[in-house]
Amino acid sequence: MDLLKERICRDGIVKDDHVLRVDSFLNHQVDVTLLSEIGKELRRRFDGEGINKILTIEASGIGIACIVAQSFDDCPVVFAKKNKTANIDDSFYSTRIESFTHGRVYDVMLSKEYLNPEDRVLIVDDFLANGCALMGLTEIIEEAGATFVGAGIVIEKGFQPGGDNLRAKGYRVESLAIIDKMDPVNGITFRE
Ligand code: G4P
C-alpha cells in the first residue's frame, strides 16, 4: 500500500534496527483518513470472505479496528482485554501472551458472549513482530469455534519471525507494509 509506505518513510522514526515509532499518525496521534484508506484496502483484499466480526487487542488495535470496520459493513469490533490478574471465570476465553518487546507475559480475556461459532473473524492490529499476540487471538477464535479468516496488519516487521511463522501454518496474513530491514542511518527497506 504505497500511501502507507510513503507515510512511514515521511513520518516514521527508526529508533534502532528493531523499533519503529509511528506516534505521529498511528500509535498516539491518529490520522483517521489514513485509517479509512487502510480499511478500504483490507476490504479489497478480504472481499467476499463473509467477515462479520473484527477482533483486536487493546490498546492500539482498537481505534484502527473501529475505522476498518466501517469498510466491512459496520460489523462489530471486539477487543481482547489485557488482564494483570488472571481473575477469569468460565464466561471468558483467556490465553497467555508473551511480549518480547515489553519483556513480559500477560493474560488476555474475551467474554464468551462476543465470539460465536457463526463468526467469520478478521483480526486487525497495528504491528506484527514475533506474532505472539496474533497466535493468542487465533487460540481464542478456535476455542470459540469461530472461523479465523485472516489477519489485516498495518505494519509487519518482516525481519522478526511472526508473519512468516503464521503463513507457514497456513494462516492468511495480509500486511499492508512489510519492513525487511531498517536502521536510523540507511532508513527502511520494504518487502516488494
Ligand atoms: P508480537 O505480538 O508480534 O509478538 O509483538 P511484541 O510482543 O514483540 O510486541 C508487543 C507490543 O509492541 C505490541 O503492542 C506491538 O504493537 C508493539 N510493537 C512491536 N514492535 C513495535 C515497533 O517497532 N514499533 C511500535 N511502535 N510498536 C511496536 P502492545 O503491547 O499490544 O501495546 P499497545 O501499544 O497496543 O497497547
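What comes next concerns the included structure. None of the values given here were measured: they were computed from a predicted structure. (Residues numbered from 1 in each chain as written. Predicted model: local features only at pLDDT ≥ 70, side-chain atom pairs only at ≥ 80, totals over all residues. Heavy atoms only, no water.)

## Details of the overall build of the chain
Reasoning step 1: Secondary structure assignment for the chain yields 6 helices and 10 strands.
Reasoning step 2: Its C-alpha atoms give the chain a radius of gyration of 16 Å, within 12% of the compact-globule value 16 Å for 192 residues.
Reasoning step 3: Dimensions along the principal axes, computed over C-alpha positions, put the chain at roughly 50 × 35 × 35 Å.
Reasoning step 4: A buried classification covers 47% of the 192 residues belonging to the chain.
Reasoning step 5: The contacts of the chain with a sequence gap of at least 6 include a subset with a gap of at least 24, amounting to 62%. (Helix = DSSP H or I, 4+ residues; strand = E, 2+ residues; numbered from the N terminus. Rg over C-alpha atoms; globule rule 2.2 N^0.38 Å. Buried < 20%, exposed > 50% of the residue type's maximum accessible area, 1.4 Å probe, protein only. Contact = heavy atoms within 4.5 Å.)

## Some points on the sheet that holds strand β3 (residues 53-57)
Reasoning step 1: Spatial strand order, β5-β6-β4-β3-β7-β8-β9-β10: 8 strands in an open sheet with mixed pairing. Each edge of the open sheet is held by one strand with a lone partner, namely β5 (92-99) and β10 (187-190). The sheet shows a mean angle of 30 degrees between the axes of neighbouring strands, direction not considered.
Reasoning step 2: Across 8 bridges, β5 lies against strand β6 (residues 104-111) in antiparallel orientation. If you follow Ser-99 over to β6, its bridge partner there is Arg-104.
Reasoning step 3: Each of β7 (120-128), β8 (147-157) and β9 (173-183) is contacted by helix α3 (residues 32-46), which is oriented at about 120 degrees to β9, the strand it contacts most. (Pairing = 2+ DSSP bridges. Axes fitted to C-alpha atoms, helices over the stretch in contact; angles between N-to-C directions.)

## Let's talk about helix α5 (residues 132-144)
Reasoning step 1: Along its 13 residues, α5 runs 19 Å from first to last C-alpha, staying within 8% of the 18 Å computed at 1.5 Å per residue.
Reasoning step 2: Of all the positions in α5, only Leu-134, Gly-136, Leu-137, Thr-138, Ile-140, Ile-141 and Ala-144 are classed as buried.
Reasoning step 3: In the stretch just after α5, Gly-145 is the one whose phi turns positive, near 75 degrees. (Expected span 1.5 Å × (residues − 1).)

## Side note on the packing of α3 against helix α4 (residues 60-69)
Reasoning step 1: The N-to-C vectors of α3 and α4 enclose an angle of 60 degrees; their axes lie 8 Å apart at closest approach. As judged from the angle between their axes, α3 and α4 are oblique. Here the hand of the crossing between α3 and α4 comes out right-handed. Contact residues: α3 offers Val-32, Leu-35, Ser-36, Ile-38, Gly-39 and Leu-42, while α4 offers Gly-63, Ile-64, Ile-67 and Val-68.
Reasoning step 2: Its residues assigned to classes, the contact of α3 with α4 shows 7 nonpolar, 3 polar and no charged. (Parallel < 35°, antiparallel > 145°, perpendicular 65-115°, else oblique. Left-handed = near helix turned anticlockwise from the far one by under 90°. Nonpolar A, V, L, I, M, F, W, Y, C, P; charged D, E, K, R; others polar.)

## A word on the pairing of β10
Reasoning step 1: Pairing between β9 and β10: 4 bridges, direction antiparallel. Opposite Lys-181, over in β10, you have Thr-189 as the bridge partner.
Reasoning step 2: Once β9 ends, the chain turns through 3 residues before running back antiparallel as β10.

## Section: the pattern of salt bridges
Reasoning step 1: A complete count under the given rule lists 19 salt bridges for this structure.
Reasoning step 2: Note that Asp-11 is salt-bridged to Arg-10, the shortest N-O span being 3.1 Å.
Reasoning step 3: Classification of Asp-11 as partly exposed rests on a relative accessible area of 24%.
Reasoning step 4: When its relative accessible area of 61% is taken as the criterion, Arg-10 is described as exposed.
Reasoning step 5: Through salt bridges with shared partners, a single network forms among Glu-41, Arg-44, Arg-45, Glu-49, Arg-120, Arg-172 and Glu-174. (Salt bridge = Lys/Arg side-chain N within 4 Å of Asp/Glu carboxyl O.)

## A few points about the side chain of Glu-156
Reasoning step 1: Counting through the fold element by element, Glu-156 comes out in strand β8.
Reasoning step 2: Side-chain polar atoms of Glu-156 contact the side chain of Ser-175, separated by 2.6 Å.
Reasoning step 3: With near-sequence residues (within four places) excluded, Glu-156 lies in contact with Leu-128, Gly-163, Asp-164, Arg-167, Val-173, Ser-175, Ala-177, Ile-178, Ile-179 and Arg-191. (Polar contact = N/O pair within 3.5 Å; in protein donor to acceptor, adjacent residues only side chain to side chain.)

## A closer look at the pairing of β5
On a regular strand, each side chain points to the face opposite its neighbour's, so the side chains alternate between the two faces of the sheet.
Reasoning step 1: Residues Tyr-93, Thr-95, Ile-97 and Ser-99 line the buried face of β5, whereas the alternating positions Phe-92, Ser-94, Arg-96 and Glu-98 sit on a face that is not buried.
Reasoning step 2: Remark: 4 residues form the turn of the hairpin made by β5 and β6, two consecutive strands paired antiparallel; Gly-103 in that turn has positive phi of roughly 60 degrees.

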